[in-house]
2 protein chains.
Amino acid sequence: MTEAVERLTKKSEDSSKWYLQLVRMAKLADYGPVRGTFAIRPYGFAIWERIQQDLDARFKATGHQNAYFPLLIPESYLMKEAEHVEGFAPECAWVTVGGDDELEERLAIRPTSESIICDFYRKWIHSYRDLPVLINQWCNVLRWEMVTRPFLRTAEFLWQEGHTVHATAEEAREEALRMLNVYRDCFYEVLAIPVLTGMKSPSERFAGAVETFTCEGLMGDGRALQAATSHDLGQNFARAFDITFLDENQERVHPYQTSWGFSTRTIGALILVHGDDRGLRLPPKLAPTQVVIVPIWRGKSKGEVRREAEALHRELVEAGLRVEADLDEEHSPGWKFNEHELRGVPVRVELGPKDIEKGQAVFVRRDTGEKEFVERRVAARRLIELMDEIQSNMLRQAEAFRDENTRRAETYEEFREIIEEKRGFVVAPWDGTEETEQKIKEETKATIRLLPFEREEGKDLISGRPGKTAIFARAY
Amino acid sequence: MTEAVERLTKKSEDSSKWYLQLVRMAKLADYGPVRGTFAIRPYGFAIWERIQQDLDARFKATGHQNAYFPLLIPESYLMKEAEHVEGFAPECAWVTVGGDDELEERLAIRPTSESIICDFYRKWIHSYRDLPVLINQWCNVLRWEMVTRPFLRTAEFLWQEGHTVHATAEEAREEALRMLNVYRDCFYEVLAIPVLTGMKSPSERFAGAVETFTCEGLMGDGRALQAATSHDLGQNFARAFDITFLDENQERVHPYQTSWGFSTRTIGALILVHGDDRGLRLPPKLAPTQVVIVPIWRGKSKGEVRREAEALHRELVEAGLRVEADLDEEHSPGWKFNEHELRGVPVRVELGPKDIEKGQAVFVRRDTGEKEFVERRVAARRLIELMDEIQSNMLRQAEAFRDENTRRAETYEEFREIIEEKRGFVVAPWDGTEETEQKIKEETKATIRLLPFEREEGKDLISGRPGKTAIFARAY
Ligand SMILES: [Zn+2]
Ligand SMILES: [Zn+2]
């Protein structure tokens, strides 16, 4: 906290500038020397660790095990699945020298691991008894991106990638949907982001998938963000990598696969969905610090206030809360209020000589700004309640925002107006052709974010042909 | 378990062949397409996850936070610290192409992260109030090795690397020793490996360090393994990377740094220290499966035995044990005994119709082979006790082995005989010159594994000059 105080740009004034400034000022991340690479600083990483813990427990509860696969993928492996190589080869970083030697074949740093994992699966899978294979890995991946922005689009990022193998198409489809729902639950329950779920249009599918399912969030500036995806790979990779098994009838057949990923990009979503003009707002389940105690002291009261703040700190830690007591004497309470609001701490507890006299403390909620006078002896109990209340309220706020910004368009003109003036999600029928999808994209910069699982029939706004519901938005 | 049954080579016959076979048969790891790269399979990774959890909690309890730094390091950064580049540049893998473009400067995949982390620290550290910086990262690193062996020496491996910055030399030294002790505690308490701790001789120091502390384990074949190291970097990196801070007297000075690392190599140590002719022996704290229930069934008893095995399984899971019930009908009990012994499961529970009749179960310990008849109603309680007993006993066994294989040499001839015929640790005075160190290495293949913290005075066996205790061994 020794860095110069700086004023945060208003989110409403310049959302992009606000974002970059906030990432830096809240010490979430910092730029690396290589274009598009970033360090995730301890405050940002502590958020990621909590997301990891939550997801990892959900993966294990659904029968998955973790493993680790090599970082380096020979070019020839990437080439085996035609669509896959087309999608990923142009954005790979290539190792061409090892030690002092030029390599005979260049090696990609994994942009995603289907190709190398399939090579292992080919060796590990022989019989229907070896299935299903339910493996996940937590790792770094790298995609050589031209335009980058911390968390949202970075060359290197952290993620988990699940890779499963099944005996039947139905099982693989179920798995892809199961993991989509695991992601959705984590977004709702932990990140407090009410994502929409559905299918991608064919043009937006993962390179090599037969179906891509997606979680789409609506950011505070009305743009959508693809937050996590789950792919039904069918037999595409099994054929390309020659994975086979002997089924119960002793016939050699190709299995069906899925893959699914959730990355540090979601920290960007967290900032964009919940942040406001004062800075971050972190859901209590992810906040590295849930409660900050700020003593309000003057001259001779200092000793007593410090002792009380320390006692309260101990009590709250024992109650299982993640608490900080900001006992720094260099800065004023007002300076500290701003600092902890910027960092998104869910509740600030103010404690002054008068509060101590009255046996109370003042709680200020970051989600609503509400002030509350609480009896000192029930402080811990009330804070634990508040964590739940704030967590639910942040989800409700985000749901209300999403619903207010989800609009039906009856005509193409209306569609363009909404996208141009209000942004948000636009619900409209789509005739299923790439032609209209492409036209909309060129003319409005909106893309199909997803095709809902329940789709109504209607007329495509451009072609007039019969269509079914699609959800459009301008996206990150 | 559908893979062909294969006989494990005896450890005593060919330790190296035994090791490679065991890694494969126990499904711990598998070779990748690029030389020296490996997949860590779920059974191996589950061991690593438990080590991670344990260490991570110890790091946090000593005030450290996790973060993440970029994978790619520009060559010019590696070059800044002269010894560091000399040590690591020859074994880097280099990225020279990104997307479609040749890069202007080639990028190393991190072999270790001092150089890139120092660049961030330079930006983050301004004042004594910013110190200490206590950061750790869990990540992959890559060193282009010529000879590789799963876990023990691999091109890519997983580790944690701590990187701390302090205002004074004393604080940095204390930190380096604190983390050495954290490692030692984890080895003793969790891996059941009684490592020796001490300092490296100057020639074996980490490239760029002023002092390297080490944990050295003695493997089952009498060779030593450097299991984890902690470095006092002094101001070497701070000078090279121009990290400075304003101290309390408002003077701009260089801080002092440490770094310390613990890698997946320790899984190799775990195999080599505890494994035997039957396979792995895993300490209960790390075993993915602590107890396996093997039903002994015949024709008409099958239904009842299965039900009892399932009931016991549920009961043990509820008691907090990691349990498997091997209800497979394809294989005989004998086949299963071998399989689970190979996998190192600490206790096997046999349950047959007679046991059920008598209200008992048979426990077989993997560490001693001892059989024990236990009343069915106290099975869970007894197993929980046994986990502790086995954990302690494995440490005691390893300590006894280490002590039996630690010998004092009074003459150089004796030294050579021990190294040649018995291996193990050899304790002898060393005059502190690189000359005798080098001679011993050339003539006996033994190296100085460490200089103990308490060193006795004596005469160097080769030069006859005054020396102090050093511990030698042939090493992995
Ligand atoms: Zn085929
Ligand atoms: Zn200097």
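Refer to the structure printed above.
Residues numbered from 1 in each chain as written. Chains lettered and ligands numbered in written order. Predicted model: local features only at pLDDT ≥ 70, side-chain atom pairs only at ≥ 80, totals over all residues. Heavy atoms only, no water.

Engineer: Requested: an account of the packing of aromatic side chains, with residues and values cited.
Structural biologist: Taken as a whole and assessed by the stated rule, the structure comprises 36 aromatic pairs over all chains. Measuring from centroid to centroid gives 5.9 Å for B:Phe69 and B:Trp124, while their planes differ by 35°, and the two rings are tilted. Within this pair, whereas B:Phe69 is found in the loop between β3 (65–66) and β4 (72–74), its partner B:Trp124 is found in helix α5 (residues 114–124), the two being separated by 55 residues in sequence. Note on accessibility: B:Phe69 and B:Trp124 belong to one class, buried. Seen in terms of ring centroids, B:Tyr121 and B:Trp124 are 6.0 Å apart; in terms of plane orientation they differ by 50°. Their pairing is tilted. Taken together, the residues B:Tyr121 and B:Trp124, both in helix α5 and 3 residues apart, mark about one turn of the helix. Under the relative-accessibility criterion, B:Tyr121 is labelled buried at 1%. Linked through ring pairs, A:Trp48, A:Phe59, A:Trp138, A:Tyr183, A:Phe187, A:Trp260 and A:Phe262 together constitute an aromatic cluster. One cation-aromatic arrangement involves A:Arg41 over B:Trp124; the distance from NZ or CZ to the ring centre is 3.9 Å. (Phe/Tyr/Trp six-rings, centres within 6.5 Å; stacked < 30°, edge-to-face > 60°. Helix = DSSP H or I, 4+ residues; strand = E, 2+ residues; numbered from the N terminus. Buried < 20%, exposed > 50% of the residue type's maximum accessible area, 1.4 Å probe, protein only. Lys NZ or Arg CZ within 6 Å of the ring centre and 35° of its normal.)

Engineer: Explain the interface of chain A and chain B to me, and be specific about the residues and the numbers.
Structural biologist: Of the residues lining the interface, 58 residues belong to chain A; the matching set on chain B comes to 58 residues. Considering only the surface of chain A that becomes buried against chain B, A:Pro33, A:Tyr68 and A:Trp124 emerge as the three largest contributors, covering 14% of it. Taken together, the links from chain A to chain B amount to 6 salt bridges. Note that B:Arg129 is salt-bridged to A:Glu330, the shortest N-O span being 3.6 Å. Summed over the shared surface of chain A and chain B, the result is 26 residue pairs in polar contact (both at pLDDT 80 or more). (Contact = heavy atoms within 4.5 Å. Buried area = accessible area lost by both parts, 1.4 Å probe. Salt bridge = Lys/Arg side-chain N within 4 Å of Asp/Glu carboxyl O. Polar contact = N/O pair within 3.5 Å; in protein donor to acceptor, adjacent residues only side chain to side chain.)

Engineer: Let's hear about the relation of the copies chain A and chain B: which residues, and what values?
Structural biologist: The two copies are related by a screw motion: chain A maps onto chain B through a turn of 180° and a shift of 0.0 Å along the axis, at an RMSD of 0.0 Å. The symmetry that links the two subunits is that of a two-fold axis. Looking at the rotation axis and the C-alpha trace of chain A, the residue lying nearest is A:Val95, at 2.1 Å. A high fraction, 100%, of the interface residues of chain A reappear at the interface in chain B, so the copies pair face to face through one surface. (Least-squares fit on C-alpha atoms with pLDDT ≥ 70 in both.)

Engineer: Could you give an account of the nonpolar core, with specific residues and numbers?
Structural biologist: Ranked by size, the top nonpolar core spans 174 residues in total, and within it A:Ile109, A:Phe415, B:Ile109 and B:Phe415 carry the most contacts. Among residues more than four places away in sequence, those in contact with A:Phe415 are A:Ala409, A:Val426, A:Ala428, A:Ile440, A:Thr444, A:Ala446, A:Leu461 and A:Phe472. (Core = buried A, V, L, I, M, F, W, Y, C linked by side-chain atoms within 4.5 Å.)

Engineer: Can you break down the sheet that holds strand β7 (residues 133–142) of chain A residue by residue, with the values?
Structural biologist: Residue and element names in this part refer to chain A. Read across the sheet, 7 strands follow the order β3-β7-β8-β14-β11-β10-β9 without closing on themselves; strand pairing throughout is mixed. The open sheet has two edge strands with one neighbour each: β3 (65–66) and β9 (196–199). One ladder, built from 8 bridges, connects strand β10 (residues 211–218) with strand β11 (residues 224–234); its direction is antiparallel. Bridged to glutamate 211 within β11 is aspartate 232. Most of the contacts of helix α6 (residues 169–191) go to strand β14 (residues 256–263), to which it runs at about 15°, and overall it touches β7, β8 (156–166), β9, β10, β11 and β14. (Pairing = 2+ DSSP bridges. Axes fitted to C-alpha atoms, helices over the stretch in contact; angles between N-to-C directions.)

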